[in-house]
Amino acid sequence: MLQDEAVHSADTPSPLNPDPSSMRAHYRAEGLAESDLAASPYEQFAYWFKEATAAGLHEPNAMVVSTADAAGRPSSRTVLLKAFDERGFVFFTNYTSRKGRDLAENPHVSLLFPWHALARQVIVNGTAARIGRDETAAYFRTRPHGSQLGAWASDQSSTVASRAELERSYEQLAARYPEGEQVPAPPHWGGYRVTAETAEFWQGRHNRLHDRLRYVREGSEGGGAWSWRMERLAP
């Protein structure tokens, strides 16, 4: 009898055993029309990013970065967007990390901004290239002292024997570069700029009939400024 009760309990949704198939959210009625969008995805992103920030979203600059190695094996992680303009979207990382190694083999990358509270997503597909060392050094100087030391202490994505080993490395660096002393940017650490080839703006709608409008880049860099074609995708 106890076994039967245990089985029944496991099949019944509860706070301790939630059923994802029963989870529902009703999205907003306001839609997204082609005429609502700016001429370029970077300009449109600026509008939505400003609205996400004004809405008080936690870390609206958090984005999922998806890469693949030379064999096509994908991996994803959340990083923070640190700059964007008409040239692309910039983030910083350890060049020897999993994503750094992937990008060295395969520069194609996907960015996802999951602004759930606004029933919005932005999905950018493009290619990543390292930014200049001057630009990296300028950003590195703006980081908190502890974050600067952390960039040196952590050999990102490598195996660590213990937490104590990681903290010991940090403490040695803190002794070498005390608070107030300039910490140089590590040579193995820096920024990537993702140049968009497509950028999709997703707005949740009732009955799962979401609005999905995608910018598609056309033209060549040598021919001057990019042009953008707009297309609507089925939800």
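See the structure shown above.
Below you will find a few notes about this structure. (Residues numbered from 1 in each chain as written. Predicted model: local features only at pLDDT ≥ 70, side-chain atom pairs only at ≥ 80, totals over all residues. Heavy atoms only, no water.)

**Some thoughts on the pairing of strand 4 (residues 88-94)**
Taken across its seven residues, strand 4 has seven buried, putting it largely inside the fold. In terms of strand pairing, strand 3 (residues 83-85) meets strand 4 through three bridges, oriented antiparallel. Across the sheet, alanine 83 pairs through a bridge with valine 90, a residue of strand 4. Between the end of strand 3 and the start of strand 4, which pair antiparallel, lie two residues. Direction of pairing for strand 4 relative to strand 7 (residues 189-203): antiparallel, over a ladder of six bridges. Residue pairing in the sheet places phenylalanine 89 in a bridge with valine 194 of strand 7. (Buried < 20%, exposed > 50% of the residue type's maximum accessible area, 1.4 Å probe, protein only. Helix = DSSP H or I, 4+ residues; strand = E, 2+ residues; numbered from the N terminus. Pairing = 2+ DSSP bridges.)

**A word on the nonpolar core**
The biggest cluster of nonpolar side chains holds 33 residues, and the ones touching the most others in it are Phe45, Leu111, Phe113 and Trp115. Within the residue set of this core, elements represented by two or more residues are helix 2 (41-54), strand 1 (62-68), strand 4, strand 5 (108-115), strand 6 (120-130), strand 7 and strand 8 (211-218). Beyond its immediate stretch of four places on either side in the chain, phenylalanine 113 contacts Phe45, Pro60, Asn61, Ala62, Met63, Leu81, Phe89, Arg120, Gln121 and Val122. (Core = buried A, V, L, I, M, F, W, Y, C linked by side-chain atoms within 4.5 Å. Contact = heavy atoms within 4.5 Å.)

**A few points about the side chain of glutamine 203**
With respect to the secondary-structure elements, glutamine 203 resides in strand 7. Of the residues examined, glutamine 203 reaches a relative accessible area of 2% and is grouped as buried. Looking at glutamine 203, its side chain comes within polar contact range of the main-chain oxygen of alanine 119, at 3.1 Å. (Polar contact = N/O pair within 3.5 Å; in protein donor to acceptor, adjacent residues only side chain to side chain.)

**Some thoughts on the pattern of salt bridges**
Across all of its chains, the model carries 13 salt bridges by this definition. Taking the shortest distance from any N to any O, the salt bridge between arginine 232 and aspartate 211 comes out at 2.8 Å. One end of the pair, arginine 232, is in strand 9 (residues 227-233); the other, aspartate 211, is in strand 8, and 21 residues separate them in sequence. Residue aspartate 211 is classed as buried on the basis of its relative accessible area of 7%. (Salt bridge = Lys/Arg side-chain N within 4 Å of Asp/Glu carboxyl O.)

**As for the packing of aromatic side chains**
Within the structure shown, the criterion is met by 21 aromatic pairs. An angle of 15° between the planes, with centres 5.4 Å apart, marks the rings of phenylalanine 92 and tryptophan 189 as stacked. Of this pair, phenylalanine 92 sits in strand 4 while tryptophan 189 sits in strand 7, and the two are 97 residues apart along the sequence. Using a relative accessible area of 15% as the deciding quantity, one classes phenylalanine 92 as buried. When the centroid spacing of 5.8 Å and the interplanar angle of 45° are considered together, the rings of phenylalanine 113 and tryptophan 115 count as tilted. Pair check on accessibility: phenylalanine 113 and tryptophan 115 agree, each one buried. Aromatic ring contacts, followed pair by pair, group Tyr42, Phe45, Trp48, Phe49, Phe84, Phe89, Phe113, Trp115, Phe201, Tyr215 and Trp228 into a single cluster. Over the ring of tryptophan 48 we find arginine 120, and its NZ or CZ is 4.1 Å from the ring centre. (Phe/Tyr/Trp six-rings, centres within 6.5 Å; stacked < 30°, edge-to-face > 60°. Lys NZ or Arg CZ within 6 Å of the ring centre and 35° of its normal.)

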